[in-house]
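Examining the three-dimensional arrangement
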Amino acid sequence: MKKAINQSTMTWFMSGVSLAALAFMIFSLFCYSNVNHQIDAANSARFELTYNAEPFHERFRISDKRGARLCRYR
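Residues numbered from 1 in each chain as written. Predicted model: local features only at pLDDT ≥ 70, side-chain atom pairs only at ≥ 80, totals over all residues. Heavy atoms only, no water.

Brief notes about the overall build of the protein
Note the cut-off: Helix and strand labels come from DSSP, where a helix needs a run of H or I of at least four residues and a strand needs a run of E of at least two; each type is numbered from the N terminus. The cut-offs for exposure are 20% and 50% of the maximum accessible area for each residue type, with area from a 1.4 Å probe on protein chains only; residues under the lower value are buried, those over the upper are exposed, and the others partly exposed. Here the accessible surface of atoms and residues is derived via Shrake-Rupley with a 1.4 Å probe, and residues count as covered only by protein chains that are part of the display.
Tallying secondary structure elements over the protein gives one helix and zero strands in all. Among the 74 residues that make up the protein, the fraction classed as buried is 1%. Total accessible area computed for the protein in this model is approximately 7600 Å², and 65% of it derives from carbon and sulfur atoms.

See below:
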């Protein structure tokens with residue numbers, strides 16, 4: 001003969017699982033927000049570095065005797 005689970009026990013169990021899933025989702029959102037902020041800061045620093053370095057690239061660009069640029073990026 002099978003032993004049935006009481007309905008209130010099942011309700012408590014399902015509520016606990018739901019709360020655990022909710023807590024995990026909140027934790028995941030906070031982690032995502034933190035990582036997203038770090039990526040934005042890194043992209044901003046990268047942009048500022050390349051933007052500020054561009055005048056130096058233009059000033060010190062090397063050319064050969066025919067005037068052709070040897071830099072392959074432009």
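Considering the packing of aromatic side chains
So the rule is basically this: Only Phe, Tyr and Trp rings are paired, with Trp represented by its six-membered ring, and only when their centres lie within 6.5 Å; those with planes under 30 degrees apart are stacked, over 60 edge-to-face, the remainder tilted.
Inspection of every chain in the model, using the stated rule, returns one aromatic pair. Residues Phe 47 and Tyr 51 carry aromatic rings whose centres are separated by 5.8 Å and whose planes lie at 20 degrees to one another, so their mutual orientation is stacked. One end of the pair, Phe 47, and the other, Tyr 51, are both in helix H1 (residues 7-59), four residues apart, so they sit about a helical turn from each other. An identical accessibility class is assigned to Phe 47 and Tyr 51; each is exposed.

What about a nonpolar patch on the surface?
The test is simple: By definition, no residue in a patch forms a salt bridge, and every one has over 30% relative accessible area; like charges are joined within 9 Å, nonpolar side chains (Val, Leu, Ile, Met, Phe, Trp, Tyr) within 5 Å. Any Lys or Arg side-chain nitrogen found within 4 Å of a carboxyl oxygen on Asp or Glu counts as a salt bridge.
Judged by side-chain polarity, Ile 5, Met 10, Phe 13, Met 14 and Val 17 come together as a nonpolar surface patch covering roughly 500 Å² of accessible area. Mapped onto the elements, Met 10 comes out in helix H1. Judged by relative accessible area, which is 38%, Met 10 ranks as partly exposed.

Geometry only, nothing functional implied.
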